[in-house]
Amino acid sequence: MTTATTPVRTPQRASAPAVTARKHRPGVRRRLELVLLLGPALLLFIGFVLVPIGIAAFYSVFNWNGFGPLDDFVGFDNYADALGGTVFQSAIVHNLIIAGLSIVVQLPLSIGLALLLNRKLRGRAVLRALVFAPYVLSEAITAVVWSLMLQPSGFADQVLKSAGLGGLVHNWLADPGIVLYTLFAVITWKYVGFGIILLLAGLQGVPAELREAAALDGASAWQTTRHVVLPLLGPTIRIWIFLSVIGSLQLFDVVWIMTQGGPANASTTMATYLIDHGFKRYEFGFGSAVAVILFVICFVFALLYQRFALRRDTQGALTRMVG
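Residues numbered from 1 in each chain as written. Predicted model: local features only at pLDDT ≥ 70, side-chain atom pairs only at ≥ 80, totals over all residues. Heavy atoms only, no water.

J.: Please provide a residue-by-residue account of the overall build of the protein chain, values included.
T.: Secondary structure summary: the protein chain contains 14 helices and zero strands in total. Written out in order from the N terminus, the α and β elements of the protein chain read α-α-α-α-α-α-α-α-α-α-α-α-α-α. Per-residue burial over the protein chain gives 33% buried out of 323 residues. Excluding contacts between residues fewer than 6 apart, the proportion of contacts in the protein chain whose partners are at least 24 apart in sequence is 68%. (Helix = DSSP H or I, 4+ residues; strand = E, 2+ residues; numbered from the N terminus. Buried < 20%, exposed > 50% of the residue type's maximum accessible area, 1.4 Å probe, protein only. Contact = heavy atoms within 4.5 Å.)

Quick look at the structure:
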């Protein structure tokens, strides 16, 4: 008696090319996603950032007034003239003074008001809106309004006289000794709201449990703020300092509208110096050199600040793409 046996079929292994193709599909998809997502932004960045920087660097080595061919090559003479000029050196000092005052004055003021507005107060939403309102106004409107208020016998002078402080009346925008600090007061009024809103957002990330634990341990309100709240607010404070210093180095519109860098260059900044020589005096080659110098200063500061101040905040912040 014979029995029929059915052949046993062994499963065939997939071919190597098919396995390789399946392995490479996720990688191809990731690359395609990067191209689609980053491509438009990268093109805009190249077209509106890198290309203008390159063009400015090219013009900066010519003595060019904006008309005619570029046939007067001067090399790095424009850079030497700018860096060796007393007016430009004063402009750099003015920018640094504004940046330093921003950290010394605006930062404590923003932190104090943010801590106050973070409490449960009646009308807190209205107070936050009022504090943030100046930041919403454009720089041009701010400069025009304050120019009218600070003119001789203007609103500011009348308020001081009405309060019996007539001895404090000055030519706010015409006195070389105080014009820079007058502009800083206007800038503080304009931008302190941004710092407060930024710090308020950072305060939302401070766990209430830590404050309660500190209170249970007998810590006072100041001790809790000093040893619990402010350390946790450190990343937000460092970001604010970075934005404030970069904005101070690029300060232009408020100064240009209110004083145009005067009187006697007492309020000149690097940006107003650039515009004055590049567009008012038609020294486009020289103005381009100043623009490159300003870019290098901001870029070097950004790199150093990223390396030594923001490094601890950005470590571990990068995530891998999940296919």
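From this point, things continue past the structure.
J.: Any details on the side chain of Asn-78? Residues and values, ideally.
T.: Position of Asn-78 relative to the elements: it lies in helix α2 (residues 77–84). In this structure Asn-78 comes out as buried when scored by relative accessible area, which is 6%. Within the local environment of Asn-78, its side chain forms a polar contact with the backbone oxygen of Phe-62, the two atoms lying 3.1 Å apart. (Polar contact = N/O pair within 3.5 Å; in protein donor to acceptor, adjacent residues only side chain to side chain.)

J.: Tell me about the pattern of salt bridges, residues and numbers included.
T.: This structure, assessed with the given rule, holds two salt bridges. Here Lys-190 makes a salt bridge to Glu-139, at a shortest N to O gap of 4.0 Å. Of the two residues, Lys-190 sits in helix α7 (residues 179–203) while Glu-139 sits in helix α5 (residues 139–150), which places them 51 residues apart along the sequence. Judged by its relative accessible area of 1%, Lys-190 is buried. (Salt bridge = Lys/Arg side-chain N within 4 Å of Asp/Glu carboxyl O.)

J.: Describe helix α9 (residues 221–232), and please don't skip the residues or the numbers.
T.: In this model α9 runs 15 Å from its N-terminal to its C-terminal C-alpha over 12 residues, within 8% of the 16 Å that 1.5 Å per residue would give. Buried within α9 are the following residues: Thr-224, Thr-225, Val-228 and Val-229. Down the axis of α9, the buried set is contained in an arc of 125 degrees. They therefore lie on one face. Exposed residues on α9 whose side chains face more than 90 degrees from its buried face are Trp-222 and His-227. Here the buried face of α9 lies against α3 (86–117), α7 and α8 (208–216). (Expected span 1.5 Å × (residues − 1). Arc of directions from axis to C-beta.)

J.: Tell me about the packing of aromatic side chains, and please be specific about residues and values.
T.: Inspection of every chain in the model, using the stated rule, returns 20 aromatic pairs. With a centroid separation of 5.6 Å and an interplanar angle of 80 degrees, the aromatic rings of Phe-62 and Phe-73 are classed as edge-to-face. You can see Phe-62 sitting in the loop between α1 (16–59) and α2 and its partner Phe-73 sitting in the loop between α1 and α2, a full 11 residues away along the chain. A residue is classified by how much of its surface remains accessible, and Phe-73, at 56% relative accessible area, is exposed. Considering the side-chain rings of Tyr-135 and Tyr-191, the 6.1 Å spacing of their centres and the 65 degrees angle between planes classify their relative orientation as edge-to-face. Separated by 56 residues along the polypeptide, Tyr-135 in helix α4 (residues 124–136) and Tyr-191 in helix α7 bring together distant segments of the chain. Through a chain of ring-to-ring contacts, three or more aromatic side chains come together here, namely Phe-58, Tyr-59, Phe-62, Trp-64, Phe-67, Phe-73, Phe-279, Tyr-282 and Phe-284. The ring of Tyr-191 is capped by Lys-190, whose NZ or CZ atom sits 4.8 Å from the centre of that ring. For Arg-307, the ring lying beneath its charged end belongs to Phe-308, and the centroid distance is 5.3 Å. (Phe/Tyr/Trp six-rings, centres within 6.5 Å; stacked < 30°, edge-to-face > 60°. Lys NZ or Arg CZ within 6 Å of the ring centre and 35° of its normal.)

J.: Go over the packing of α2 against helix α13 (residues 284–308), please, and point to the residues and values.
T.: Two quantities define a packed helix pair, namely the angle between the helix axes and the distance between the axes. Between α2 and α13, the shortest axis-to-axis distance is 9 Å and the interhelical angle comes to 70 degrees. On the basis of the axis angle, α2 is roughly perpendicular to α13. Considering only the axes of α2 and α13, their crossing is right-handed. Facing α2, whose interface residues are Asn-78, Tyr-79, Asp-81, Ala-82 and Leu-83, α13 presents Gly-285, Phe-286, Ala-289, Val-290, Val-292 and Ile-293. (Axes fitted to C-alpha atoms, helices over the stretch in contact; angles between N-to-C directions. Parallel < 35°, antiparallel > 145°, perpendicular 65-115°, else oblique. Left-handed = near helix turned anticlockwise from the far one by under 90°.)

J.: Tell me what's going on with helix α6 (residues 155–162), and back it up with residues and numbers.
T.: Every α-helix winds through 3.6 residues per turn, so residues three or four apart in the chain are directed the same way. Among the residues of α6, those classed as buried are Ala-156, Asp-157 and Leu-160. The arc that holds the buried residues of α6, viewed along the axis, is 100 degrees, so those residues lie on one side. In α6, the exposed positions angled more than 90 degrees off the buried face are occupied by Phe-155 and Ser-162. Contact partners of the buried residues in α6: α5. Where α6 ends, the next residue or the one after it, Gly-164, has phi of about 75 degrees, a positive value.

J.: Lay out the confidence of the model for the protein chain in plain terms, naming residues and giving numbers.
T.: Low-confidence regions, as indicated by low pLDDT, have predicted coordinates that should not be scrutinised in detail. Mean pLDDT over the protein chain: 87, with 89% of residues reaching 70 or higher. Counted against residues more than four places away or in other chains, residues 317–323, with its pLDDT under 50, gives five contacts. (pLDDT = per-residue confidence, 0-100.)

J.: Which residues make up the nonpolar core, and what are the values?
T.: Phe-88, Ile-237, Ile-241 and Val-290 are the most contacted members of the largest nonpolar core, which totals 36 residues. Residue assignment for this core shows that the elements contributing at least two residues are α2, α3, α7, α10 (234–249), α12 (270–280) and α13. Residue contributions to this core peak at eight residues, all from α13. Not counting chain neighbours up to four residues away, the residues in contact with Ile-241 comprise Ile-103, Leu-107 and Tyr-305. Formed by 17 residues, the second largest nonpolar core is a distinct cluster that contains Ile-98, Leu-160, Phe-184 and Met-258. (Core = buried A, V, L, I, M, F, W, Y, C linked by side-chain atoms within 4.5 Å.)

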